[in-house]
Amino acid sequence: MAVVHPSAPSATIEIAGTAWPVYKLEALAAGLVVGLILALVTGSPQIAVLAAAAIGATRWIVGLLATRRQAPRAARVFGTR
């Protein structure tokens, strides 16, 4: 069962007892969609995988930076949220 916790600085979804930040799931979904579309359009799995990895990694990093920017300074220093 998935549970959304939007009150945190970064919204999370609980999957199998583990809280996943939404930006990570968005990055995985974006990479999968881009990979499938490019594989169908170009017929080249190499291009599809490369582009999907680039899109997924970019979304992951942007989400991470946005989440860290929202977190209070003390939480980042001491590793708590």
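Quick note: structure is the one above.
The rules we used
- Residues numbered from 1 in each chain as written.
- Predicted model: local features only at pLDDT ≥ 70, side-chain atom pairs only at ≥ 80, totals over all residues.
- Heavy atoms only, no water.
- Helix = DSSP H or I, 4+ residues; strand = E, 2+ residues; numbered from the N terminus.
- Expected span 1.5 Å × (residues − 1).
- Contact = heavy atoms within 4.5 Å.
- Pairing = 2+ DSSP bridges.
- Axes fitted to C-alpha atoms, helices over the stretch in contact; angles between N-to-C directions.
- Parallel < 35°, antiparallel > 145°, perpendicular 65-115°, else oblique.
- Left-handed = near helix turned anticlockwise from the far one by under 90°.
- Buried < 20%, exposed > 50% of the residue type's maximum accessible area, 1.4 Å probe, protein only.

Caption draft 1: How the structure looks around helix α1 (residues 22-42). Over its 21 residues, α1 runs 30 Å from end to end, which matches the ideal 30 Å to within 8%, given 1.5 Å per residue. Elements in contact with the buried residues of α1: β3 (18-21) and α2 (45-70). Just past α1, the residue G43 takes up positive phi, approximately 75 degrees.

Caption draft 2: Up close: the pairing of β3. Where strand β2 (residues 12-15) lies against β3, 4 bridges are found, and the strand directions are antiparallel. The residue bridging I13 from the neighbouring strand is W20, located in β3.

Caption draft 3: The packing of α1 against α2, seen in detail. Contact geometry for α1 and α2: axes closest at 8 Å, N-to-C directions at 160 degrees. As summarised for this structure, α1 and α2 are arranged roughly antiparallel, according to the angle between their axes. Where α1 crosses over α2, the two elements pack in a sense that is right-handed. In this structure, α1 uses Y23, K24, E26, A27, A30, G31, V34, G35, L38 and A39 to contact α2, whose residues at the interface are I47, A48, A51, A52, I55, G56, R59, W60, G63, L64 and T67.

Caption draft 4: Highlighting α2. Taking 1.5 Å of rise per residue, the 26 residues of α2 would be expected to cover 38 Å, and the 37 Å separating its terminal C-alpha atoms lies within 8% of that figure. Along α2, the residues that are buried comprise A48, A52, G56, G63 and T67. If you follow the buried residues of α2, they end up packed against α1.

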